[in-house]
Amino acid sequence: MTRPRGWSAALRRSSLVLAALSSLFFAAGPVAAAGLVLQLDLEGALGVATAEYIIDGLDQARERDASLVIIRMDTPGGLVEPMRDIIQAILASPVPVVTYVYPNGARADSAGTYILLASHVAAMAPTTHLGAASPVALGGGSPPPEEPAPRRGDEPERGEDEAPDDHADEAPQPGTAMERKIMNDAVAYIRGLAERHGRNADWAERAVRDAATLTAEAALAENVIDLIAADRDELLRAIHGREVRLDTGHTTLDTENVVVEQVEPSWRIKFLSTIASPEIALLLGVIGLYGLLLEAYNPGAIVPGVVGVICLLLAGYALQIIPVNFAGLGLILVGLALIVAEAFVPSFGALGLGGLAAFIFGAIMMFDTGVPGFGISVTFVVVFAVAVGLSMLLVMSYVVKLHRRGAVSGVGSIVGGIGTAMEDFAGEGRVWLEGEAWRAVSDVPVQKNEEVVVRRLEGLTLHVEPVRREDRTETQFQT
């Protein structure tokens, strides 16, 4: 069987076209994936919610086969455990991570310095700075600075018969054993991060021991960071073709024609970030106490109790994820108790003022732990304490007035109440009381429209007698 003339040539041309289309089709997937860059924003104090956001972003980059992750940083520092979680995620990430201190005037202090040194590429914008990475204990304050070794002229004199001390030239270690342990652990950790990427480990140690800081230009000159970039576009151009070290081996960055996608935190992380604030935690705690107090003095209201329990649970969660001094929390509770007592005890303001003072000092102490980013404004505390004190006094005064007024419904409100006779009667008749007609009994004659006072209630029968002057006075006083 013979083929038509030109069949072979047409077949070859069709094969070439199909091969070209197939190569373009199969190449389109890897190119699109390789061109994806995810950007995460690390702003403000570093806490549990921030760490969850960064770690989720790194997981998303791995799942979507992104070529790069940019962490834009501007932080005063934060908690140690969330920082270590972020660093572990960066070191284990199969996607290169670039930490970029931006915009101008931003900082990477304390925990931010650790994260910057742990990243595969460390970059900063002009007029930014990093450093001050000394560890801070949750109880407040930081390990004491190292003291210089004593000079030879300062040694105590020895007697002629005393043997020389072989360890006399060794300087005593400052601080307690726990403080030295924390300091040495932090030094070893940050040196390891710097050495992993060939950065200046000696300066990293000074950032921990001496709280040293550097501007972006000085950090680049001392080999603490890799580059300075004025904006994100310049950053992407500068790192194109750079070789970085991952756990899986070395890789070369390709940042030409990439698509940068901003990763926003989920509603859950935003909510956790909001309540993990000293001001919000304090506000939730006070609202919770108010709610339970109102529910206790008005049983069955339900709404104050439900709101109070929810707010107290949220405040308890917030106090678990932010550093708290519990002595300050105790002072806050004492202050609220004194303010409540002011409404019941005639102390002429002494209890109230003492409660306000205890509340103010307690709020300042509770969040004065020295951890960067988790302090509280003194102005906010004073204004809030005055508002809480005044509102608490008003509420307690109203509650006391209700208790002194007596019952407003039920038997307690009927006995002693004043009604109006609906007819003339001596013995049994009808009385109008509280918008209803009642069966009444009187031992003395009662005329129609005459006011009567209820002496007792038996079943649904009122025992009444005509109103006297003292009955009217007593009723007006109770009202």
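Please refer to the structure higher up on the page.
No experiment lies behind these values; they were computed from the predicted model shown.

1. What about the side chain of T50?
Mapped onto the elements, T50 comes out in helix α2 (residues 48-63). By relative accessible area, which is 12% here, T50 ends up buried. Excluding residues that lie within four positions of it along the chain, T50 makes contacts with L42 and A45.

2. Focus on the nonpolar core
Among the nonpolar cores identified, the biggest contains 60 residues, and Y114, I115 and L130 are the most heavily contacted of them. Here the element with the most residues in this core is helix α5 (residues 177-196); it accounts for 7 residues. The residues contacting Y114, other than those within four sequence positions of it, are M83, I87, A133, A186, Y189, I190, L193 and V208.

3. Comments concerning the pattern of salt bridges
The full count for this structure, using the stated rule, is 17 salt bridges. For R72, the salt bridge is made with D41, and the minimal N-O distance between the two is 3.1 Å. Placement of R72 in strand β2 (residues 68-74) and of D41 in strand β1 (residues 36-43) is noted, with a sequence separation of 31 residues between them. Residue classification places R72 among the buried residues on the basis of a relative accessible area of 12%. Note that R456 and E458 form a salt bridge whose closest N and O atoms lie 3.0 Å from each other.

4. Observations concerning the sheet that holds strand β7 (residues 213-215)
The 3 strands lie next to each other as β4-β6-β7, forming an open sheet whose pairing is mixed. Either end of the sheet is taken by a strand with one partner, and the two such strands are β4 (107-109) and β7. When strand polarity is set aside, the average angle formed by the axes of neighbouring strands in this sheet is 10°. Relative to β7, strand β6 (residues 129-131) runs antiparallel, the two sharing 3 bridges. The residue of β7 that forms the bridge with H129 is T215. Here helix α4 (residues 111-118) sits on the sheet and contacts β4 and β6; the angle it forms with β4, its principal contact strand, is near 100°.

5. Let's talk about the environment of L293
Counting through the fold element by element, L293 comes out in helix α10 (residues 278-297). Classification of L293 by relative accessible area gives buried; the value is 19%. Residues L293 and V340, 47 residues apart in the sequence, show an inter-C-alpha distance of 9.7 Å.

6. Some remarks on the sheet that holds strand β3 (residues 97-101)
Ordered in space as β8-β5-β3-β2-β1-β11, the 6 strands form an open sheet in which the pairing is parallel. At either end of the open sheet lies a strand with only one pairing partner, and these are β8 (227-228) and β11 (259-262). Examined bridge by bridge, β3 and strand β5 (residues 121-124) share 4 bridges and lie parallel to one another. By the bridge assignment for β5, V101 is matched with M124. The strands touched by helix α8 (residues 232-239) are β1, β2, β3, β5, β8 and β11; relative to β2, the strand with the most contacts, the crossing angle is about 135°.

7. What to know about helix α3 (residues 80-92)
Side chains three or four residues apart in an α-helix point the same way, a direct result of the helix having 3.6 residues per turn. Taking 1.5 Å of rise per residue, the 13 residues of α3 would be expected to cover 18 Å, and the 18 Å separating its terminal C-alpha atoms lies within 8% of that figure. Three or more residues of α3 are buried, namely P82, M83, I86, I87, A89 and I90. The buried side chains of α3 occupy one side of the element, clustering within an arc of 160° when seen end-on. Across from the buried face of α3, at angles greater than 90 degrees, the exposed residues are E81, Q88 and A92.

8. Structural notes on helix α11 (residues 303-321)
Here α11 spans 28 Å end to end across 19 residues, near enough to the 27 Å set by a 1.5 Å rise per residue. Buried within α11 are the following residues: G305, G308, C311, A315, A318 and I321.

9. As for the packing of aromatic side chains
Aromatic ring pairs are described here by two measures, namely the spacing of the ring centres and the angle between the planes. Tallying each qualifying case throughout the model produces 2 aromatic pairs. Centre to centre, the rings of Y100 and Y102 are 5.1 Å apart; their planes meet at 20°, and the pair counts as stacked. Exposure remark for Y100: the relative accessible area of 2% places this residue in the buried category. Directly above the aromatic system of Y189 lies the positively charged group of R84, at a separation of 4.1 Å from the ring centroid.

10. Looking at the pairing of β2
By the criterion of burial, β2 is predominantly enclosed, with 6 of the 7 residues buried. Assessed by its sense of winding, the connection that carries the chain from β1 through α2 to β2 is right-handed. Sheet analysis places β2 next to β3, joined by 5 bridges and oriented parallel. Within the sheet, the bridge partner assigned to I70 lies in β3 and is V98.

11. Quick notes on unusual backbone geometry
Residue P103 is reached from Y102 by a cis peptide bond, and omega for that bond is 5°. Topologically, P103 is positioned in the loop between β3 and β4. If you check the backbone angles, S110 has positive phi at about 50° while not being a glycine. Mapped onto the secondary structure, S110 falls in the loop between β4 and α4. Residue S110 is classed as buried on the basis of its relative accessible area, which comes to 11%. The residue T127 is not glycine, and still its phi comes out positive at about 60°. Tracing the chain through its elements places T127 in the loop between β5 and β6. T127 sits in the exposed class, given a relative accessible area of 56%.

Conventions and cut-offs
Residues numbered from 1 in each chain as written. Predicted model: local features only at pLDDT ≥ 70, side-chain atom pairs only at ≥ 80, totals over all residues. Heavy atoms only, no water. Helix = DSSP H or I, 4+ residues; strand = E, 2+ residues; numbered from the N terminus. Buried < 20%, exposed > 50% of the residue type's maximum accessible area, 1.4 Å probe, protein only. Contact = heavy atoms within 4.5 Å. Core = buried A, V, L, I, M, F, W, Y, C linked by side-chain atoms within 4.5 Å. Salt bridge = Lys/Arg side-chain N within 4 Å of Asp/Glu carboxyl O. Pairing = 2+ DSSP bridges. Axes fitted to C-alpha atoms, helices over the stretch in contact; angles between N-to-C directions. Expected span 1.5 Å × (residues − 1). Arc of directions from axis to C-beta. Phe/Tyr/Trp six-rings, centres within 6.5 Å; stacked < 30°, edge-to-face > 60°. Lys NZ or Arg CZ within 6 Å of the ring centre and 35° of its normal. Right-handed = clockwise from strand over helix to strand, strands pointing away.

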